[in-house]
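Per-entry structural report
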Amino acid sequence: EQALVEVLQNLESKRFEGIENIWSKRDGAVIKSGIRAPIRDLGSLPIPDRDIFAAAGINEMGISVLNDFLDGQKVVSLAAGRGCPFKCSFCSNDPIRRAQGANGGYVRANPVDQLVAEMKQLNERFDPDFFELMGEIFPVKKGWMTDFAQKYKKQIGKPFTTALRVGIFSREEYALLREAGCSLVYVGLECGNEAYRRDVLNKPIKNEAFRRDFEILRELGIKTATFNMVCLPFETSQNIEETISFNREIAADFPMFFTYQPLPATQLFDLCARESLFKDATKKKSHYFSHEPQIKVDISQAEIEELWGKIVSLQKETTGATQLVV
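1. Quick notes on the pairing of strand E3 (residues 75-78)
Neither face of E3 is exposed, since Val-75 and Ser-77 on one face and Val-76 and Leu-78 on the opposite face are all buried. Alignment of E3 against strand E6 (residues 130-133), held across four bridges, turns out to be parallel. Residue pairing across strands places Leu-78 opposite Leu-133, the latter belonging to E6.

2. Thoughts on helix H5 (residues 171-180)
Along H5, the residues that are buried comprise Glu-173, Tyr-174, Leu-176, Leu-177 and Ala-180. Mapping the buried residues of H5 onto a view down its axis gives an arc of 155 degrees, with all of them on the same face. Contacts made by the buried residues of H5 are with helix H4 (142-155), strand E7 (160-164), strand E8 (182-190) and helix H7 (207-220).

3. Topic: the environment of Glu-242
Along the chain, Glu-242 falls in helix H8 (residues 237-249). C-alpha separation for the pair Glu-242 and Asn-193, spaced 49 residues apart in sequence, amounts to 6.3 Å. At 3.1 Å, the side chain of Glu-242 forms a polar contact with the side chain of Asn-193.

4. Some words on the nonpolar core
Met-119, Phe-131, Leu-133, Phe-138, Phe-148, Phe-160 and Leu-177 are the most contacted members of the largest nonpolar core, which totals 40 residues. For this core, the secondary-structure elements that each account for two or more residues are E3, helix H3 (112-126), E6, H4, E7, H5, E8 and H7. Looking at which element gives the most residues to this core, the answer is H3, with six residues. With sequence-adjacent residues up to four places away left out, Phe-131 is seen in contact with Val-75, Val-76, Leu-78, Met-119, Leu-122, Asn-123, Tyr-152, Ile-156, Pro-159, Phe-160 and Thr-161. Judged by nonpolar contacts, the second largest core, of 25 residues, contains Leu-232, Phe-257, Val-297 and Leu-314.

5. Some words on the environment of Lys-32
For Lys-32, the location among the structural elements is in strand E2 (residues 29-32). In sequence terms Lys-32 and Ile-19 are 13 residues apart; their C-alpha atoms lie 9.1 Å from each other.

6. Concerning H8
With 13 residues, H8 should reach 18 Å at 1.5 Å per residue; the first-to-last C-alpha distance of 18 Å fits that figure. Buried within H8 we find Asn-239, Ile-240, Thr-243, Ile-244, Phe-246 and Asn-247. End-on, the buried residues of H8 take up no more than an arc of 165 degrees, which puts them together on one face. On its buried face, H8 sits against E8, H7, strand E9 (223-230), strand E10 (254-259) and helix H10 (301-319). A positive backbone phi angle near 60 degrees is found at Ala-251, which sits one or two residues after H8.

About the thresholds
Residues numbered from 1 in each chain as written. Predicted model: local features only at pLDDT ≥ 70, side-chain atom pairs only at ≥ 80, totals over all residues. Heavy atoms only, no water. Buried < 20%, exposed > 50% of the residue type's maximum accessible area, 1.4 Å probe, protein only. Helix = DSSP H or I, 4+ residues; strand = E, 2+ residues; numbered from the N terminus. Pairing = 2+ DSSP bridges. Arc of directions from axis to C-beta. Contact = heavy atoms within 4.5 Å. Polar contact = N/O pair within 3.5 Å; in protein donor to acceptor, adjacent residues only side chain to side chain. Core = buried A, V, L, I, M, F, W, Y, C linked by side-chain atoms within 4.5 Å. Expected span 1.5 Å × (residues − 1).

Shown next as structure tokens:
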């Protein structure tokens, strides 16, 4: 937000050198400015102006992760906070935090009163069927959660979805989410093989933790959507089979699958570079929904297509539909 304001103030002069967070180009040379520290007090920011969005184009405000399963429902996406404290090897949060030099100020929650005021404004204008709180991770401070649950239920009272990490919420906290109106949570499973998830993805969550939390969520009536990756570095077809099977075991309501995309500066990107796993740079890049691996894998394309067929079958079992696949 701060960088954008400075860019707008310099539009007339077209001189953007020295604006932290902004790279510019002059006479063919790229000028890299420094990186500013994260905004610690999110309450210092105004509620975003969404006047550009027409009521009929509400989903353009942030297409839902569940867009292929919405069946005409209207959704507004926004964030309850910013930043993530974990260091998963595939995720951009860790290198961004390191680049910003954020020690203790990277994970922040929006003040409850301001967040609820924003949602109230959006509710009155767009009347969505539900809200989607898609920050990196839902704020876990109990005082914040209790305050939000009470005020959201009283002032908004509509279903909402959010993203969270398995293993850090108690049954009491999950129940608080449900009482507030949480109808579905997004959970990063990534891979069904516990050792691979721990050793390669740097996400040391045991499968038993997934089993426990998903059972609690099911008992409370909160649906679950999982994020899963396929064609990861050194992944085998058996690993992918494990991921499919584990989603079935924990009864994920919306098992979402994506082809792994190496993000620059992440630990896993560096691993791919060291092991020469990148394909010919001149080739067209694949995308999250593509069946073609982004990196070199020891799985034939025929096997990959067969595995995607099993993924589609799983999704039809659980949702009656499938996510966009190309």
